[in-house]
Amino acid sequence: MFPVPAAAPLSSGTLYDKVWELHRVDDLPGGSTQLLVGLHLIHEVTSPQAFAALRDKGLTVRCPERTVATVDHIVPTTTQTRPFNDPLAEEMLSTLERNCLEYGIQLNAIGSGRQGIVHVIAPELGLTQPGMTVACGDSHTSTHGAFGAIAFGIGTSQVRDVLASQSLAMSKLKVRRIRVDGHLAKGVSAKDLILHVIRTLGVKGGVGFAYEFAGTAIEALSMEERMTLCNMAIEGGARCGYVNPDQITFDYLRGRPHAPSGEFWDRAVQWWSSLASDADAVVDDEVVFDAGQIVPTVTWGITPGQGLGIDERIPSLDVLDPADRPIAEEAYRYMDLQPGTAIAGVPVDVCFIGSCTNGRLSDLRAAAAVARGRHIADGIKAFVVPGSEQVARAAEAEGLDRVFRAAGFEWREPGCSMCLAMNPDRLEGRQISASSSNRNFKGRQGSASGRTLLMSPAMVAAAAVHGQVTDVRGLSLHPTS
Amino acid sequence: MSSFPSGSIQRVAGTALVVQGEDIDTDRIIPARFLKCVSFDALGDQVFADDRQELNGSHPFDQPAFQGASILIVNGNFGCGSSREHAPQALMRWGIRAVVGVSFAEIFFGNCLALGIPCMTAASEEIQLIQQAVIEDPGREWCLDLMALALGSPQDRWAVSLEPGPLDMLRSGRWDATSQLLSRDSELTALMKQLPYINGFQTA
Ligand code: SF4
C-alpha cells in the first residue's frame, strides 16, 4: 500500500475540504489562507501584465515547471501564419513567447500539435489531475474540477502572485452539492443540464460556494460531459465546480502525456481515490434535480440564467421573481424578443460550434450527427472551431471536417474564436447567433448590439440546418460510430 | 534606479525634488494619451510630459541636479482628478519612492499605497521650508523614516504623519500580498514535498 505521508487526507469530508487542507500553506492575517497552487495555466491575455509586475518587483518564477502556457484568445482561425494581421494580437503572442522563453515555461505553441483553448488542452495532455489545485487567469478554470481538482479563475495580480510564490491568498468557499439523479433523456446533453441548473438556481446563486456535482446522472457522464458541466459552474456564480474522481476519470487519464505511468500510476489512483468526498461528508447545502425532467435548453436573454426548455415560451414579467424583472425587461429590448414568443422557431443568422464549453471531440461528433446528410439553411453562416489541435486532428481523422463542410459549415483552426471575439470572428450589427459557448452577455460576441442564444452543439447544428431554433429531438441522427 | 518597493517599508532614503503647486492632477502627472499601453514600462519617461515640454528642460524632473531623486515634495491636494493608476506608476518608474506634501487626493493616495509608496504629510509652512531646503541644496541626502515619523537630513529634521492603517500596512509589508506569500517559502517547500503528485508519485 502507498504509505500516506504527513499531509494525509482527512478521514471524512468533502473532496473540497480534503484538497484545501492538503494545499493550505498557512493562515494569513486578515483571515484568508495561503493556498499552494499545483497547476498554473497561463494564456496571452491575462499574463503579460503579471510578468511585467513580477519584473518590477525584481522577482522570478518560483516553479516554472508547474506553469503551462498556451495561446487561444487572440488567434485567428482561418490562417494562423505569423505575424498575425492584427499587430496587437501579434504583440500579445510574442510577449507570451518571450516570457515563456525567459522563465523556462512550457508553451504549447501553434502548430505544436498541443495548442488549443487552455481548458481543453490541460485535460487532454493529462496535466489536470484529481486532487490538484488548478489556477488560471481565466474564470472558466472551473472546467478542471471535472477531474476532482479544485480549480478556479484568478485576477492578474494573483497570476503574478502564483508566478512568484506558487501560491495565492484565498478564502475558503462553502460546498453545495448539486445532486442529479436519474437519466438524461436522448438528445439531452450536459450543456442542457448545466443551463437547467443555472436557470433554476440563478446566476448569482452559487456565489460563495463550490458546486459538487453528484448523483447517478453525474456519475454516468463522460469526462468531456463533466468538463462542460464544471465549465459553466462559474456562470451560476460558483467559482469552482467539481465531480468526485472515479473509474471514468482514471480511464480518461491513463496513457495521457503528463499522467503518471507504471507503478506510479497505481499509487496515483490510490491517492486520487482517497480524495473523493466521503459518504458521510457534511455539505453546507444540497439541491436535488431529476435528470429525466430536463429537456434541451436554450437561453433567450442576456444572462446564462435566462434559459428555457425548448418547448417553452419567453416568460412575461408577471411570472418572474420581482428581482428578475428589470434584467428581463432589458433582455426583451436588447434581444428584440417579446414575452409569449416560443423559443423554438426564433430565427438565427450565425451558428458557432466551439469554445471551452463545447469544443471537444464528443461535442463535434454530436453536432456532426445532426449535420450529416443535411445542409445549413439559406443565409446562415455556420462554423466549427475545434477546441484544440488534438481535437481538430482527431475529428479530421474521423472525417468530421468533411461532414461539416459538406453540410455548408466552415471548418476552422483551434482557438476561442467567437466565444468572445477577440480575434477576427465576430457578429456584425444585430446578428443573432446560436452558440455552443458559455456567455450571452450584451456585446460578448464582438458586436455591441450582437445577440447570442446559448445551447448544446447538437442544438446549434439543428439551428443551422433549419435557420431557426429547433428541437434536436425531432431530427433523425446519423452518428459516426 | 533602486528596485521597486517590496516587503516592509520602514524608511526611504535619497535625494529629493520639488514640484510646487496646489491641486496638481493626475492628467498633469501622466497625460491621457499615454494610457494606451500594454504595460506600464514606458511611463517613467512620460511623467509630467506636457508640463516638461512647456518648460523646455527646466522642469524639476528634467533638471540635472534632481536626477536620481527618490523623495518628491509637493503641496496640497496632490494627485486629484482621474483615478488612473498610471500616475503613481509613472512617478515610481521615474524613480520616486515616497511623496511628502500638505495633502493628497484619496484615490491617488490609495494607488500609491498599493505600490508601496508612502504619501506622508506635514503642515503647509513646514513643507515650504523643506521645499526651500531641497531647492537650495539638491544634493542633500534625506531619510523619510516611517518608524520615527520624521523626514530628516544631516542639517534638519521634520515631523511627518500618516494615518495608522496605511502606516501599519507599509511598516509590516502587508500592502504587498506577494511578499507575504514569499515570506512562507520554507513552509511551501515542505508542503510540496508532502504532495505526491508534485514529483509524479515517484516517492512512496
Ligand atoms: S473559449 Fe471562451 S470562455 Fe473559454 S477560455 Fe476561451 S474565451 Fe474564455
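What counts and how
- All residue numbers refer to position in the chain's written sequence, counted from 1.
- Chains and ligands are labelled by the order in which they are written, letters from A for the one and numbers from 1 for the other.
- Local features in this predicted model are restricted to residues of pLDDT 70 or higher, and side-chain atom pairs are both shown and tallied only at a pLDDT of 80 or more, whereas totals for entire chains, interfaces and linings draw on every residue.
- Remark: hydrogens and water are excluded; side-chain values derive from all non-hydrogen atoms of the structure.
- Per the convention used, a helix needs a DSSP run of H or I reaching at least four residues, while a strand needs a run of E reaching at least two, with both numbered from the N terminus.
- For the exposure calls, accessible area comes from a 1.4 Å probe over protein chains only, and a residue counts as buried if that area is under 20% of its type's maximum, exposed if over 50%, partly exposed in between.
- Whether two residues touch is decided by their heavy atoms; if any such pair falls within 4.5 Å, the residues are in contact.
- To be clear on the numbers: accessible area is Shrake-Rupley with a 1.4 Å probe, and residue cover counts the displayed protein chains and nothing else.
- Counted as positive: Lys and Arg. Counted as negative: Asp and Glu. His and the chain ends are not counted at all.
- The location of each charge is read from NZ of Lys, CZ of Arg, CG of Asp or CD of Glu.
- Accessible area that two parts lose when put together, evaluated with a 1.4 Å probe and summed over both, is termed the buried area.
- Salt bridges, as used here, are contacts in which a Lys or Arg side-chain nitrogen is within 4 Å of a carboxyl oxygen on Asp or Glu.
- To be near a molecule or strand, a residue needs just one of its heavy atoms within 4 Å of it.
- Under the convention adopted here, Pro, Cys and the residues Ala, Val, Leu, Ile, Met, Phe, Trp and Tyr are nonpolar, Asp, Glu, Lys and Arg are charged, and Gly plus all remaining residues are polar.
- Domain start and end points were adopted from an automatic or database domain assignment.
- The pairing test for Phe, Tyr and Trp rings, Trp by its six-membered ring, is centres within 6.5 Å, and the orientation test on the planes gives stacked under 30 degrees, edge-to-face over 60, and tilted for anything in between.
- A ring is scored as having a charge over it whenever the NZ atom of a lysine or the CZ atom of an arginine sits within 6 Å of its centre and within 35 degrees of its normal.
- Pairing between two strands requires that DSSP report at least two bridges joining them.
- Only C-alpha atoms enter the line fits that serve as axes; for helices the fit covers just the stretch in contact. Angles between N-to-C directions range over 0 to 180 degrees.
- Two N or O atoms form a polar contact when they lie within 3.5 Å of each other; inside protein one atom must be a possible hydrogen donor and the other a possible acceptor, and for residues adjacent in sequence the pair counts only when both atoms belong to side chains.

(A) Broad picture of the overall build of chain B. A count of helices and strands for chain B gives 9 helices and 8 strands. Dimensions of chain B along its principal axes, counting C-alpha atoms only, are 70 × 40 × 30 Å. The 204 residues of chain B split such that 52% are buried. In chain B, once contacts between residues fewer than 6 apart in sequence are set aside, the share between residues at least 24 apart is 71%. Total accessible area on chain B stands at roughly 9,000 Å², and carbon and sulfur atoms take up 50% of it. If you average the places of the 14 positive and of the 24 negative side-chain charges in chain B, the two averages end up 7 Å apart.

(B) The interface of chain B and chain A, seen in detail. At the interface, 32 residues of chain B touch 43 residues of chain A. Summing both sides of the interface, chain B and chain A together bury roughly 3,200 Å²; the carbon and sulfur share of this comes to 65%. Here chain B is connected to chain A by 3 salt bridges. Between Asp185(B) and Arg62(A) there is a salt bridge; the shortest N-O distance is 2.7 Å. Those elements that provide at least two residues to the side of chain B that touches chain A are helix H4 (86-94), helix H8 (177-182) and helix H9 (185-194) of chain B.

(C) Structural detail: the site of the ligand. Residues and elements named next belong to chain A. All residues in the neighbourhood of the ligand are listed as His73, Ile117, His119, Asp138, His140, Ser355, Cys356, Cys416, Cys419, Leu420, Asn438 and Arg444. Split into classes, the residues belonging to the shell around the ligand amount to 5 nonpolar, 5 polar and 2 charged. Two domains each donate at least three residues to the shell around the ligand, and these are domain 1 (15-287) and domain 2 (296-474).

(D) Inspection of the packing of aromatic side chains at higher detail. By the definition in use, this model includes 16 aromatic pairs over all chains. Measuring from ring centre to ring centre gives 5.5 Å for Phe51(A) and Tyr103(A), while their planes differ by 20°; the resulting arrangement is stacked. Of this pair, Phe51(A) sits in helix H2 (residues 48-56) while Tyr103(A) sits in helix H3 (residues 87-103), and the two are 52 residues apart along the sequence. When its relative accessible area of 0% is taken as the criterion, Phe51(A) is described as buried. What makes Tyr103(A) buried here is its relative accessible area of 11%. Every member of this aromatic cluster is reached through a ring pair, and the members are Phe250(A), Trp265(A), Trp271(A), Trp272(A), Tyr197(B) and Phe201(B). Directly above the ring of Phe209(A) sits Arg176(A), whose terminal nitrogen or CZ lies 4.1 Å from the centroid. Against the face of Tyr252(A) rests Arg256(A), its NZ or CZ located 3.8 Å from the ring centre.

(E) Main features of the pattern of salt bridges. Scanning all chains against the criterion turns up 36 salt bridges over all chains. Among the salt bridges present, the one from Arg184(B) reaches Asp26(A), with a minimum N-O distance of 2.7 Å. Of the two residues, Arg184(B) sits in the loop between H8 and H9 while Asp26(A) sits in strand E1 (residues 24-27), which places them in two different chains. When the shortest N-O distance is used, the salt bridge between Arg393(A) and Glu396(A) registers 2.9 Å. With a gap of 3 residues between them, Arg393(A) and Glu396(A) both fall in helix H14 (residues 389-397), about one helical turn apart. On the basis of relative accessibility, which here comes to 39%, the residue Arg393(A) falls in the partly exposed class. The class of Glu396(A) is partly exposed, set by a relative accessible area of 24%. Salt bridges sharing common partners tie together Arg177(A), Arg179(A), Asp181(A), Glu212(A) and Glu286(A).

(F) Examining the sheet that holds strand E9 (residues 174-181) of chain A more closely. Residue and element names in this part refer to chain A. Sheet architecture is open: 4 strands sit in the order E11-E10-E9-E12, paired in parallel fashion. Of all strands in the sheet, those with a lone pairing partner are strand E11 (240-243) and strand E12 (285-290), marking the two edges. Neighbour-to-neighbour, the strand axes of this sheet turn through a mean angle of 20°, independent of strand direction. When strand E10 (residues 209-214) meets E11, the two strands line up parallel, connected through 4 bridges. Following the sheet pairing, Tyr211 is matched in E11 by Gly241. Where helix H6 (residues 190-201) meets the sheet, it contacts E9, E10 and E12, and its direction lies at approximately 125° from that of E12. Strands E10 and E11 of the sheet are contacted by helix H8 (residues 223-231), whose axis makes an angle of about 155° with E11.

(G) Broad picture of the side chain of Asn231(A). All names here are of chain A. Mapped onto the elements, Asn231 comes out in helix H8. There is a polar contact of 2.7 Å between the side chain of Asn231 and the side chain of Thr357. Not counting the four nearest positions on each side in its chain, Asn231 is found in contact with His140, Ser142, Thr143, Cys356, Thr357 and Asn438.

(H) Main features of unusual backbone geometry. Of note, the amide linkage connecting Arg82(A) to Pro83(A) takes the cis form, showing an omega dihedral of -10°. If you trace the backbone, Pro83(A) turns up in the loop between strand E4 (67-70) and H3. A positive phi angle is found at Phe201(B), which is not glycine, with a value near 60°. Tracing the backbone through its elements, the reader meets Phe201(B) in the segment after H9.

(I) Local environment of the sheet that holds strand E8 (residues 157-159) of chain B. All names here are of chain B. The 4 strands lie next to each other as E1-E6-E7-E8, forming an open sheet whose pairing is antiparallel. The two strands at the open ends of the sheet, each matched to only one other strand, are strand E1 (11-14) and E8. Neighbour-to-neighbour, the strand axes of this sheet turn through a mean angle of 10°, independent of strand direction. Pairing of E1 with strand E6 (residues 142-145) involves 4 bridges; the strand directions are antiparallel. Counted as the bridge partner of Ala13 is Cys143 from E6.

(J) Quick look at helix H11 (residues 325-335) of chain A. Residue and element names in this part refer to chain A. Among the residues of H11, Ala328, Ala331, Tyr332, Tyr334 and Met335 are the ones counted as buried. Summarising the contacts, the buried residues of H11 are in contact with strand E18 (432-435) and strand E19 (451-454). Looking one or two residues beyond H11, the residue adopting positive phi is Asp336, at roughly 55°.

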